[in-house]
Amino acid sequence: MFQTTRRALLFAAALAVPAMVLVAPQPAAAEKVLRVIPHADLKNIDPIWTTAYITRNHGYMVYDTLFAMDKNLTPQPQMVDTYSISDDQLTWTFKLRDGLKWHDGAPVTAEDCVASLQRWGKRDGMGQALMNPDVTESLTAPDAKTIVLKLKQPYGLVLQSIGKISSNVPFMMPKRFAETDPFTQVTDMIGSGPFKFSKEEWVPGSKVVYVKNTDYVPRNEPPSFAAGGKVVKVDRVEWVYFPDQNTAMNALINGEVDYFEQPANDLAPILANSEGITVEVNDPVGNMGFARFNHLLPPFDNVKVRRAAMAAMKQDDYLLAAVGLPEYFSTCYSVFPCGTPLETSVESGIVENASIEQGKKLLADSGYDGTPVVIMQPTDIPALSAFSLVTAEKLRKIGMKVDMQAMDWSTLTSRRAKRDPVKDGGWNIFHTWWIGADVLDPMAIAYSGNPAKGWFGWPDDAELETARTAYPLAKDTAEQKALATKVQERLYKIGSHGNLGAFFVPVAYRNNVKGLIKSPVQFFWNIDVER
Amino acid sequence: MFSFIAKRVVATIPVMGVVALFVFLMLRLSPGDPASVIAGDYATAEDIERIRAQLGLSEPIIIQFGNWIWQLMRADLGISIFSNLPVTTLIAQRLEPTVMLSLTTLSFSILVAVPLGVLAAWKAGTWIDRAVMIFAVVGFSLPVFVLGYVLIYEFSLALRWLPVQGYKSPFEGIFPFLHHIILPTVTLSVIFIALFARITRASVLEVLEEDYIRTARAKGQTERKVLLGHALRNAAVPIVTVIGLGIALLIGGVVVTESVFNIPGLGRLVFDAILKRDYPIIQGLILMFSFVYILVNLMIDIFYTVIDPRIRY
Amino acid sequence: MSAITDRDLGPGGIRGYLAEFRRNVLRRHPTMAIGGGLLILMILSAILAPFLFTVDPIALSPIQRLRVPSGDHWFGTDMFGRDIYSRTIYGTRISLVVGLAAAVLSITIGLVIGMTAGYIRLLDAILMRIMDGLMAIPGILLAIALVSLSGASLITVTIAITIPEIPRVVRLVRAIVLSVREEPYVEAAVAAGTRLPLILIRHILPNTIPPLIVQATYVCASAMLTESILGFLGVGTPPEIPSWGNIMAEGRTYFQIAPWIIFFPGALLALTVLAVNVLGDGLRDTLDPRIAKKM
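About the thresholds
- Residues numbered from 1 in each chain as written.
- Chains lettered and ligands numbered in written order.
- Predicted model: local features only at pLDDT ≥ 70, side-chain atom pairs only at ≥ 80, totals over all residues.
- Heavy atoms only, no water.
- Helix = DSSP H or I, 4+ residues; strand = E, 2+ residues; numbered from the N terminus.
- Buried < 20%, exposed > 50% of the residue type's maximum accessible area, 1.4 Å probe, protein only.
- Contact = heavy atoms within 4.5 Å.
- Axes fitted to C-alpha atoms, helices over the stretch in contact; angles between N-to-C directions.
- Left-handed = near helix turned anticlockwise from the far one by under 90°.
- Nonpolar A, V, L, I, M, F, W, Y, C, P; charged D, E, K, R; others polar.
- Buried area = accessible area lost by both parts, 1.4 Å probe.
- Salt bridge = Lys/Arg side-chain N within 4 Å of Asp/Glu carboxyl O.
- Polar contact = N/O pair within 3.5 Å; in protein donor to acceptor, adjacent residues only side chain to side chain.
- 1 Å grid on protein atoms, 1.4 Å probe; cavity = no way out; pocket = protein on both sides within 12 Å on 5 of 7 lines; lining within 4 Å.
- Points joined across faces, edges and corners; volume = space filled by probe spheres on them.
- Phe/Tyr/Trp six-rings, centres within 6.5 Å; stacked < 30°, edge-to-face > 60°.
- Lys NZ or Arg CZ within 6 Å of the ring centre and 35° of its normal.
- pLDDT = per-residue confidence, 0-100.
- Pairing = 2+ DSSP bridges.
- Core = buried A, V, L, I, M, F, W, Y, C linked by side-chain atoms within 4.5 Å.
- Domains from an automatic or database assignment.

Trainee: What exactly am I supposed to notice about the overall build of chain C here?
Mentor: Across its full length, chain C holds 13 helices and 0 strands. Across the 295 residues of chain C, 61% fall into the buried class. The contacts in chain C between residues at least 6 apart in sequence include a share of 74% that link residues at least 24 apart.

Here it is in structure tokens:
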């Protein structure tokens, strides 16, 4: 028709040629596919190198663990068949079960596992504690199926450490990968887990594909959290990441995907009212909201100011703003997640009776001099952005000056590591959450009282640290409980952090998806899709 | 003519150099660094420092820039910090959806806008002209994402005609491809239709006043021949120029559209990379986008000298 | 579009145009009057925001979250129970400030660079290569990168939106300078020994003003749209300061539950951009008579 148009089209056609060359070959259609919207994009694939929860979930697909936590929060053998402990509690002997194979066909050996544990021991907090030369004398593989751990002193958390459910999970890798520097990512995904990672089909930022590992031999027990038999019932699992919650919801409603791992709580009612969709809470422990003070800088270098702020942080306000629907949150005044063994109410009155008046009163007695509080607000994480807004309002209401600084999470993570004064890029408060499973006991780094080795915010309390270091050496659960109670008492007395309550993230899936495992971590074995 | 083309090609080199330097400095002089994101919640300061060293971020900035330029010379865009894959691989994976969306958008916009513009110029001053111009101004004023949401709501959820999201390759079947690409194309096209229609109308009107058109009309040529044969042909230069400039706008629009319709293209790749501080991807992609822009505009310049021998630089 | 506004307007100066503008604008360009009127209304509501029955736009009230528009909350409330009407009215300030500041800044900086490039041959090549480089980077990407890398604040957002607009202004100014400096009256001034700054200010500057005013309206419109896109992508002004962009960004997840969060600021944004665009078209017609009849 028009000359220009024709030329433009020709030109367009010329541009299209390289695109055709670059099209990836498409995989043959698989029989049974589970299409999942994961909670985040899988940015990196080495679960020892990063603590990102999405990478942990990926780890559970590809790798297996020696021990795994069951729904009573007790570690159970997973790759291990039998184990024994010497009478002096110093020598632990683990025997691997039969039939364990890497994805490349080679058998899993004890040497592989030793190397994997050692790499993990250089990155993970609990791993470092266990592999500390004061605790562990040696970790060896006397034969292909036997791992021997020799300790210098009895240590109560051996199985809790190597069977921990959340980041960093001690996943087993072949020795040649496990020998990679722990600060460098492994480049290939050879595990012994129930799924194989399809590297050619991985589109970072968009799509991850796993295929069933047909050689995997599951245990005979029924699944329970990460423990029990990992029976795979689909041929492929595809994770398709959606940056837009609204689009993700519509895709599930339209049947374009089967499973939506973390819909925003407010979308739950629409999803629940849509035909053929189930919405439920899959993680019974929930997440714990956390307002972290910087103990090094004024005004929060003053314990009275910290406690004044804590006394204003009424949990209901935070939860309502960040979560919205009451069925997805509950107040929890214990620092250890409510409903877990170490829950306690010692010293929790300051959180339970929080109000603006309380905060005002405590602030008046604190000698607060009007130093502005720098709040780092991560605008790309809605719940944390909401927490920041609520804190800003509360602090203003009790009479503090607030300097709200908006940034993205990645800037926040680098700024929170700075111990410098505010004028040199320091900060006073930021918000985050821990999944309950990460803060079950005093070993969690969130509760550290040692500023040299502790977590951002750097509280300094010798009494707290004594109780924490004694915890893994405790002889029985009663002693453990006593030490945990001491830890909470100190945390609240020194105003370590604001406890913002527990919230639960729903999952939504189409009704033809069956067999979800209730757990703090989403697993994809045992799930079937009826087509 | 060849010396002109050669000169224009050589002239793009310093421009690319400016882009490279600018992008590099922008990244390195900003706060936030990938090492602390990687290190995660449990990391100590030493861990972060080790990761920085590992990634080559502890070296002096000049050395880093030199290394990068040296890499580029070997056509190597580097390795993504997070996914550990070569940036070229990541771009190759994402190229198709973006190229396809750009092509459908450009073709659709041109196919709609040019006739509209000609029509408006032909019927200048009538209600048809006014309607086209009102559409053009409104189309230019609508935020892309609002339009996208409204279209999804209407055509996918209410009428259930089209899918909500996603991309299907035309090499797997032309129908599913079209089915998925219609909404994003229409969403992204509105602004271009507005832009192209305006410029077509203005250029055609201008040409219609030239003496030779009056001569042609006086000689009794049909209105159709005057419009298409003379007016549009001579109005081609400004139209093509605007299409060339529109490439930059298109790349911007793609970032938003891909995010609304969940299309795994380059726009989302670069946006995610910026948020995560994945330096090699940001550097590589911005450089590539600029390169495409420069290339398209270079081709348009050459195209001028072909269609209009009067133009010399 | 610079090709069209990019005209030599001769030595008539701006006064003549203003006179003609007064005579003709209302009668011959009713749309322009509508555009201008709307814009004045927006500016008034931005200035008078506290007196327009608004409440504190950042006051949280989680109990009243996601309420539909009603007598209490004319535009409804968002997920934190903040009043959308108040936020939208206050948000007018951000959009207008960003739009106007981007227009003024890019015109001023572009004018200085463009005149320098047009008059000092030595710098011309260097400056224009830098401008070409800047122009080659897609504006939105450049803005996203600048804001997310340097931290979101009203100032960084404005700067990030301004920078990509500069090259176009520079090109426009340079083209005008290049053509005007050949004019006899300028050459005469040079011959008479008038100093360079004086020539630039007295003879060249007036010629650049009418097309720059038109260009400024387009920059303003596109800056407001860019601000909303940045906000929408989550890299706009900090959420504590309501802007149309970040109100809509926050409403994104709630589009199907609480469409009013996106609808009201979206409609106001479209209307304002429309007003500025219409005003720009009208100004172009009056300031540039050569093509006035046609556009």
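There is more to say after this.
Trainee: I'm lost on the packing of helix 7 (residues 144-158) of chain B against helix 8 (residues 174-208) of chain B in this one. Help?
Mentor: When two helices pack together, you describe them by how their axes are tilted relative to each other and by the distance separating the axes. Residues and elements named next belong to chain B. Two elements in contact, helix 7 and helix 8, have axes whose closest approach is 9 Å; the angle formed by their N-to-C orientations is 145 degrees. Considering the relative orientation of helix 7 and helix 8, their crossing is right-handed. Counted together, Val-144, Leu-147, Gly-148, Leu-151, Ile-152, Phe-155 and Ser-156 of helix 7 and Leu-183, Val-186, Thr-187 and Val-190 of helix 8 form the full contact between these two elements. Of the residues contributing to the contact of helix 7 with helix 8, the split by class is 8 nonpolar, 3 polar and no charged.

Trainee: Would you mind showing me how to read the interface of chain C and chain A here?
Mentor: Quite often, the size of an interface is put as the accessible area lost when its parts meet. Contacts between the two partners involve 22 residues from chain C, matched on the other side by 27 residues from chain A. With both chains or domains summed, chain C and chain A bury close to 1900 Å², and 57% of this area falls on carbon and sulfur atoms. Together, C:Leu60, C:Glu240 and C:Gln256 form the three largest contributors to the area buried by chain C at its contact with chain A, with a combined 28%. Run the count over chain C and chain A and you get 2 salt bridges. The closest approach of N and O atoms between A:Asp244 and C:Arg252, which form a salt bridge, is 3.0 Å. Viewed at the interface, chain A and chain C are joined by 6 residue pairs in polar contact (both at pLDDT 80 or more). Looking at the side of chain C that touches chain A, its residues break down into 14 nonpolar, 4 polar and 4 charged.

Trainee: Help me understand the side chain of B:Thr98 in this model?
Mentor: Residues and elements named next belong to chain B. Structurally, Thr-98 can be placed in helix 5 (residues 87-122). Take Thr-98: its relative accessible area is 7%, and that puts it in the buried class. In this view, Thr-98 contacts Val-254, Glu-258, Gly-265, Leu-266 and Gly-267; residues no more than four positions away in its chain are not counted.

Trainee: When you look at empty space enclosed by the protein in this model, what are you seeing that I'm missing?
Mentor: Rolled over the atoms, a probe sized like a water molecule indicates the empty space that remains. Counted under the stated rule, the structure contains 9 cavities of 30 Å³ or more. One number sums up the size of the largest cavity: a volume of about 920 Å³. Only helix 8 and helix 10 (223-261) of chain B together with helix 5 (121-136), helix 6 (139-150), helix 7 (154-162), helix 10 (196-232) and helix 12 (260-287) of chain C provide two or more residues apiece to the lining of the largest cavity. Ranked by residues supplied to the lining of the largest cavity, first place goes to helix 10 of chain C with 9 residues. Along the lines of polarity and charge, the residues of the lining of the largest cavity split into 29 nonpolar, 10 polar and 2 charged. In this structure, the second largest cavity encloses a volume near 130 Å³. As for the second largest cavity, its lining consists of 16 residues, of which A:Asp41, A:Lys43, B:Asp272, B:Asp278 and B:Ile281 are closest to the centre. Looking at the lining of the second largest cavity, the elements that each hand over two or more residues are helix 5 and helix 11 (266-276) of chain B. The biggest single contributor to the lining of the second largest cavity is helix 11 of chain B, with 4 residues. Looking at the lining of the second largest cavity residue by residue, the classes come out as 7 nonpolar, 3 polar and 6 charged.

Trainee: How should the packing of aromatic side chains be read in this particular structure?
Mentor: For any two aromatic rings, the description comes down to two numbers: the centre-to-centre distance and the angle of the planes. Scanning the model with the defined rule gives 42 aromatic pairs over all chains in all. On the basis of an interplanar angle of 50 degrees and a centroid distance of 6.1 Å, the ring pair of C:Phe53 and C:Trp74 is categorised as tilted. Remark: C:Trp74 occurs in the loop between helix 3 (30-47) and helix 4 (84-119) and C:Phe53 occurs in the loop between helix 3 and helix 4; sequence separation between them is 21 residues. Take C:Phe53: its relative accessible area is 68%, and that puts it in the exposed class. The class of C:Trp74 is partly exposed, set by a relative accessible area of 42%. Through pairs of rings, three or more aromatic residues link up here, namely A:Phe197, A:Trp202, A:Tyr210, A:Trp239, A:Tyr259, A:Tyr509 and A:Phe524. For the cation-ring pair, B:Lys123 lies above B:Trp122, with the distance from its terminal atom to the ring centre recorded as 4.3 Å. Residue placement shows C:Arg181 over the ring face of C:Tyr119; its charged tip is 4.5 Å from the ring centre.

Trainee: Just to check I follow, could you spell out the confidence of the model for chain A for this structure?
Mentor: Close inspection of predicted coordinates is inappropriate for parts of the model with low pLDDT. In this model, chain A carries an average pLDDT of 89, and 94% of its residues clear a pLDDT of 70 or more. Confidence over residues 1-28 of chain A falls short of pLDDT 50; this stretch has 28 contacts with residues more than four positions distant or in other chains.

Trainee: Would you mind going over the confidence of the model for chain C with me for this structure?
Mentor: Residue and element names in this part refer to chain C. Averaged over every residue, the pLDDT of chain C is 82; residues scoring 70 or more account for 87%. Of all the helices and strands in chain C, helix 1 (residues 2-5) carries the lowest mean pLDDT, 35, while helix 4 carries the highest, 92. Between residues 1-11, whose pLDDT stays under 50, and residues either more than four places distant or in other chains, the model counts 35 contacts. This prediction of the complex comes with two scores: 0.80 for pTM and 0.80 for ipTM.

Trainee: How do you make sense of the sheet that holds strand 6 (residues 136-143) of chain A when you look at a structure like this?
Mentor: Backbone hydrogen bonds are what pair the strands of a sheet, in a parallel or an antiparallel way. All names here are of chain A. Taken together, 4 strands build an open sheet; the order of strands is 4-5-7-6 and the sheet is antiparallel. Here the strands that pair on one side only, and so sit at the sheet edges, are strand 4 (80-85) and strand 6. On average, each strand axis in the sheet is tilted by 15 degrees relative to the strand beside it, whichever way the strands run. In the sheet, strand 6 pairs with strand 7 (residues 146-151) via 5 bridges, with the strands oriented antiparallel. If you follow Thr-140 over to strand 7, its bridge partner there is Val-148. Contacting strand 5 (91-96), strand 6 and strand 7, helix 3 (residues 110-123) crosses the sheet at an angle of about 155 degrees to strand 6.

Trainee: Just to check I follow, could you spell out the sheet that holds strand 12 (residues 277-281) of chain A for this structure?
Mentor: Residues and elements named next belong to chain A. Across the sheet, which stays open at both edges, the 7 strands sit in the order 8-9-10-1-11-19-12 with mixed pairing between neighbours. Sheet topology places strand 8 (195-197) and strand 12 at the edges, where each strand pairs with a single neighbour. Bridge analysis of strand 8 against strand 9 (residues 207-212) gives 3 bridges, and the strand direction is antiparallel. What sits directly across from Phe-197, in strand 9, is Tyr-210. Running at roughly 170 degrees to strand 10 (residues 236-240), helix 2 (residues 53-62) makes contact with strand 8, strand 9 and strand 10 of the sheet.

Trainee: Honestly, the environment of C:Gly91 in this entry has me stumped. Any pointers?
Mentor: All names here are of chain C. Within the secondary structure, Gly-91 is located in helix 4. Of the residues examined, Gly-91 reaches a relative accessible area of 0% and is grouped as buried. Not counting chain neighbours up to four residues away, the residues in contact with Gly-91 comprise Pro-242, Ser-243 and Trp-244.

Trainee: Got a minute to help me understand the pairing of strand 1 (residues 33-37) of chain A in this structure?
Mentor: Along a regular strand, successive side chains alternate from one face of the sheet to the other. Residues and elements named next belong to chain A. Most of strand 1 sits out of view: 4 of its 5 residues are buried. Relative to strand 10, strand 1 runs parallel, the two sharing 4 bridges. When the bridges of strand 10 are listed, Arg-35 appears paired with Glu-238. Strand direction decides the pairing type here: strand 1 and strand 11 (residues 259-260), joined by 2 bridges, are parallel. Within strand 11, the residue paired with Ile-37 across the bridge is Phe-260.

Trainee: Help me understand the environment of B:Glu49 in this model?
Mentor: All names here are of chain B. Tracing the backbone shows Glu-49 in helix 3 (residues 45-54). Here Glu-49 falls in the partly exposed class, since its relative accessible area comes to 43%. Along the sequence, Glu-49 and Ser-36 sit 13 residues apart, while their C-alpha atoms lie 8.7 Å from each other.

Trainee: Any chance you could explain the nonpolar core here in plain terms?
Mentor: Generally speaking, nonpolar side chains in soluble globular proteins are found buried as a group. Formed by 348 residues in total, the largest nonpolar core has its most connected members in A:Leu66, A:Phe94, A:Tyr210, A:Val237, A:Leu271, A:Phe524 and C:Ile144. Sorting elements by how many residues they give to this core places helix 10 of chain B first, with 19 residues. Counting contributing residues, this core receives three or more from each of domain 1 (1-283 + 510-531) and domain 2 (287-503) of chain A. Setting aside residues no more than four positions away along its own chain, A:Val237 makes contact with A:Leu34, A:Val36, A:Met61, A:Phe195, A:Val208, A:Val209, A:Tyr210 and A:Phe524. Core analysis: the next-biggest nonpolar cluster, separate from the first, contains 7 residues, C:Ile113, C:Ala117, C:Leu127 and C:Ile166 among them.

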